[in-house]
Amino acid sequence: MSLVTHIRIWSVIISLQLMSLTTAAPNTYYLPSDANYLASLQTPDQRIGHQIGEFHARHDQVVAYMHYLAEQSERTHLIDMGKTWEKRSQVLLAISSPENIAKLKQQIANNDEFNNDAKAPLVVWLGFSIHGNEASGTNASLLTAYHLTALQEQAHEQVLQDTIIFIEPSLNPDGYGRFSTFVNSQRSLNLAADPMDREHQEPWPNGRTNHYRFDLNRDWLLAQQKESQNRLKWYQHFQPNVFGDFHEMGTNSTYFFQPGVPERQNPLTPEENFNITDDIAQFHAKALDKIGSLYYSKEDFDDFYYGKGSTYPDIQGNVGILFEQASSRGHLQESVNGPLSFPFAIRNQFTTSLSTVAGAHANKDKIKDYRQKFFAEASNEASNDRNRGIVISAGGDTGRMAALIENLLFHKIKVYRLKDELALNGKTYKSGILIPFQQRQYRLIKAMFETRTLFEDNTFYDVSTWNFGHAFNMDYDYVERRKWKDRLLGDEIKNSTYAPGKVAAKSKLAYIIDWAQFTTPKAAVKLLESGIQLRTAKSPFSLKTSEGVKSFAPGSLIIPLGIQSRAADEIYPELQAVAVDLGLNIDAINSGYAVSGIDLGSPDIKPITLPRVLMLAGTGVSAYDSGELWHFADNHLDLSITQANLTQFANHSSFVDLSRYSHIVMPHGRYNVLNEKIVARLSNWVEQGGVLIGMKSANKWLSDQKLLSLEVSLTTSSMDNPDSLQYSDMSEDNAQKVIGGSIFDTKVDLSHPLTFGIGKSNLSVFKNHRYIIKPSDNPYLNIIRYTEEPLVSGYVSSGNLDNIANSVQLAAERKGRGSVIAISDNPVFRAYWYGSSRLFVNALFLGTVFERSNR
Ligand SMILES: [Zn+2]
């Protein structure tokens with residue numbers, strides 16, 4: 001061992017020791033000692049006012065530093081990608097040679113296509129801390145940006161000439177803001193490393209998620225959140241060859257970088273992707289060896305679901321790489337590897353940020369070739385595919401179709417209107433969209449619309465499927481070559497805005513809106529809030545309208561004018577505005593006397609009222625599930641709901657005036673903190689007309705408290721011969737119990753008011769839990785049931801599948817003037833389950849429209 005190495009190792013040991021004793025680290029701890037930096041450029045700590053790692057840099061400070069670099073250096077350009085829900089800036093700093101940056105600026109100003117052909121610079125995008133409470137990444141981004149901008153070395157100049165590096169310092173600014181504020185506010189002068197200290201115990205909701213408590217590292221493909229939408233626009237523009245996705249994991253671990261478990265890579269991803277990741281991994285290994293940090297690879301983390309930052313690039317000819325640093329979750333925390341300091345975590349992330357750039361640069365030709373090959377092969381596959389494309393229909397629901405189109409366009413998928421009728425598999429597609437396979441994103445399209453039930457590795461702690469046709473409850477079919485005609489292809493769809501709707505004519509009697517339209521419930525909220533009375537029809541009927549006789553489905557939303565406190569002339573412009581805004585075509589009725597079915601004054605026409613919703617949230621309730629329901633009500637219904645803290649509700653329930661609420665929603669959660677007294681109050685509130693809605697585990701609580709008469713249990717599943725199991729089987733045995741998330745088929749009783757608007761007797765639902773509702777002996781309570789062979793797509797063990805088959809997906813019973821509704825799954829999973837969202841909507845609007853069953 002040379003003297004130099006010796007000194008280096010000692011300095012590593014000394015600085016590690018220092019880390020556990022001091023609160024901060026000077027730049028010399030992070031930055032290479034032999035680096036030559038531009039003296040005029042200030043380091044992040046100079047701008048921020050504390051050493052890196054001493055506190056968590058606030059998001060606004062991080063953004064300000066990126067702006068500072070952009071103002072100071074010709075090597076940089078700052079792109080403001082947009083604003084988060086909480087109006088924080090999502091910034092992206094480009095770093096490259098002054099010539100490349102000048103070109104880039106010009107190209108952005110001219111709105112030109114980005115050139116990423118073989119001769120163009122390699123593009124590397126480093127994305128930090130998409131989980132906001134995995135904060136070492138965002139803090140490392142400051143050092144990374146400084147280093148790459150300030151470094152004055154010939155070799156580095158070559159790298160900058162060959163590469164454009166994008167730094168996205170925070171992929172989840174709102175979550176990071178929540179976490180950094182919390183953790184800074186708990187920091188002691190004498191750091192508390194005890195894991196029991198408040199600093200290491202984040203309150204609900206933690207900083208992992210965004211404003212609506214969504215995991216943004218699941219939303220890349222679903223694109224339901226502002227942060228993803230803003231980012232995708234630029235991601236698709238630059239198509240980075242390499243994407244680094246910087247995370248944190250458990251405090252007692254070390255450092256992980258991909259490649260991950262080979263068998264857990266999505267089979268649609270070419271093997272070469274794994275090999276390139278492995279080539280780049282050599283650079284991480286060497287860099288971490290140099291600073292004495294431990295690490296591992298290949299044993300953990302899957303690359304299956306394309307909705308993650310490390311996987312989304314893989315299906316588009318690029319390479320996504322996952323990094324996971326052991327989390328100090330605070331400034332200093334005890335771990336099995338000794339005190340783990342925030343600066344130590346930051347230094348590892350900084351180190352692998354640089355090794356990603358170095359590794360990508362060293363393999364740049366291979367990486368560029370790989371992308372060319374990826375798309376050449378994809379084009380070949382598309383030519384050889386027995387199908388020419390996919391036809392999709394929303395059955396005339398413009399809102400849902402617009403949402404799907406918006407998603408496809410985010411991914412730069414080309415979509416066309418269906419121009420001619422197409423008969424396939426017993427269905428006739430009259431209107432809808434066509435997605436031709438012969439296009440750049442062929443493989444991504446396949447990934448979005450495939451169904452898969454066989455897997456090389458059955459370990460799924462997260463979703464194993466995400467089919468968009470099922471999620472949006474749309475009819476879709478592959479169009480075989482022999483069925484394909486070019487005349488089917490209408491205009492290319494360039495944006496997702498739908499045509500404004502209209503009120504057919506002025507009426508003196510009534511207007512009717514189709515309940516099956518995705519935007520109708522939003523219209524209902526708007527009208528009810530402005531004091532307009534609404535009715536729903538429990539049976540079908542046909543009436544004379546201004547445009548002749550029309551049939552109306554059960555659930556049709558009726559606005560009778562004679563019963564309103566306001567004049568018909570006043571209501572008309574309001575309706576017109578709603579029609580235009582929400583793309584709804586509203587019928588004007590001339591006579592209440594039915595051509596067939598019920599008349600407009602029928603007892604089967606029931607009032608509906610504005611839901612006054614209390615949803616339990618906070619500690620004990622799933623942040624994800626409650627967040628998804630909140631997001632849905634807030635965005636898709638424009639309905640203000642009350643989110644009450646479960647513990648507060650449990651401890652002070654006698655102060656809560658339940659009569660203020662028409663609905664109480666209990667998302668997935670642990671409700672054993674609610675005592676007998678509260679159960680009695682809830683029961684009484686239901687008798688008085690309240691609608692109590694349970695989902696997932698909440699249904700078990702409802703059943704145990706006898707608020708729901710149906711039995712709820714957990715699936716039982718284990719490997720075939722328990723007697724033959726040995727210790728080494730345990731991890732697979734455990735994995736088989738999990739229902740990570742799969743798509744199941746259900747049979748819908750379309751005559752029940754709680755299913756109005758679904759329109760199809762089979763509804764796909766998403767299940768990611770083990771709670772099963774046993775069918776009631778009373779058939780009228782089992783409104784939706786899983787079919788006999790319900791698995792549509794995804795992994796589920798055969799034992800779990802047997803349990804799910806024929807169980808109940810939606811049960812509801814009247815109690816007094818109110819009702820209890822059990823929805824087995826979360827119907828608005830990750831906000832892209834537009835189809836089953838109808839179950840939540842109907843529970844809110846039609847929760848007491850159905851009759852009691854005396855069977
Ligand atoms: Zn993470």
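Residues numbered from 1 in each chain as written. Predicted model: local features only at pLDDT ≥ 70, side-chain atom pairs only at ≥ 80, totals over all residues. Heavy atoms only, no water.

Asks: How should the confidence of the model for the chain be read in this particular structure?
Replies: Should pLDDT be low for a region, the predicted coordinates there are not to be read in detail. Considering every residue of the chain, the mean pLDDT works out to 94; 97% of them sit at 70 or more. Counting interchain partners and residues more than four positions distant, the pLDDT-below-50 stretch residues 1-22 has 18 contacts. (pLDDT = per-residue confidence, 0-100. Contact = heavy atoms within 4.5 Å.)

Asks: Would you mind going over a negative patch on the surface with me for this structure?
Replies: A surface patch of like charges, here negative, comprises Glu-529, Asp-581, Asp-634 and Asp-638. Residue position: Glu-529 is located in helix H16 (residues 520-529). (Patch = residues over 30% accessible without salt bridge, like charges linked within 9 Å, V, L, I, M, F, W, Y side chains within 5 Å. Areas by Shrake-Rupley, 256 points an atom, 1.4 Å probe, with all protein chains shown as cover. Salt bridge = Lys/Arg side-chain N within 4 Å of Asp/Glu carboxyl O. Lys, Arg positive; Asp, Glu negative; His and termini not counted. Charge placed at Lys NZ, Arg CZ, Asp CG, Glu CD. Helix = DSSP H or I, 4+ residues; strand = E, 2+ residues; numbered from the N terminus.)

Asks: Is there a simple way to explain unusual backbone geometry in this structure?
Replies: For residues that are not glycine, phi is negative in most cases, and the peptide bond is trans in most cases. Cis geometry is adopted by the peptide bond preceding Pro-205, which originates at Trp-204 and carries an omega value of -10°. Locating Pro-205 in the fold gives a position in the loop between helix H8 (173-185) and helix H9 (226-238). Each neighbour pair has its own omega, and for Gln-258 with Pro-259 the value is 20°, a cis peptide bond. With respect to the secondary-structure elements, Pro-259 resides in the loop between strand S6 (255-257) and helix H10 (271-290). Phi angles above zero are rare outside glycine, and Lys-298 is one such case at about 60°.

Asks: Looking at this structure, I do not really get the coordination of the zinc ion. What am I missing?
Replies: Geometry reference: four tetrahedral donors at a metal, ideal angle 109.5 degrees. Six octahedral donors, ideal angles 90 or 180 degrees. The coordination sphere of the zinc ion, as far as protein atoms go, consists of His-131 (ND1), Glu-134 (OE), Glu-134 (OE) and His-247 (ND1), spread over 2.0 to 2.6 Å. If you look at the zinc ion, its four donor atoms make angles of 54 to 154° with each other, and the shape they trace is irregular. All donors of the zinc ion come from a single chain, and their spacing in sequence reads H-x2-E-x112-H. Note that His-131 is positioned in the loop between strand S3 (122-128) and helix H6 (136-150) and His-247 in strand S5 (residues 242-249), a separation of 116 residues in sequence. Overall, the relative accessible area of 3% leaves His-131 in the buried class. (Donors = N, O, S within 2.8 Å, 3.2 Å for Na, K, Ca; no water. Tetrahedral: all angles 85-135°; square planar, octahedral: opposite > 155°, others 65-115°. Buried < 20%, exposed > 50% of the residue type's maximum accessible area, 1.4 Å probe, protein only.)

Asks: Got a minute to help me understand the nonpolar core in this structure?
Replies: Burial of nonpolar side chains together is a common tendency in soluble globular proteins. Ranked by size, the top nonpolar core spans 137 residues in total, and within it Phe-166, Ile-392, Phe-449, Phe-468 and Phe-845 carry the most contacts. With 67 residues, the next largest nonpolar core counts Leu-31, Leu-78, Ala-135 and Ala-281 among its residues. (Core = buried A, V, L, I, M, F, W, Y, C linked by side-chain atoms within 4.5 Å.)

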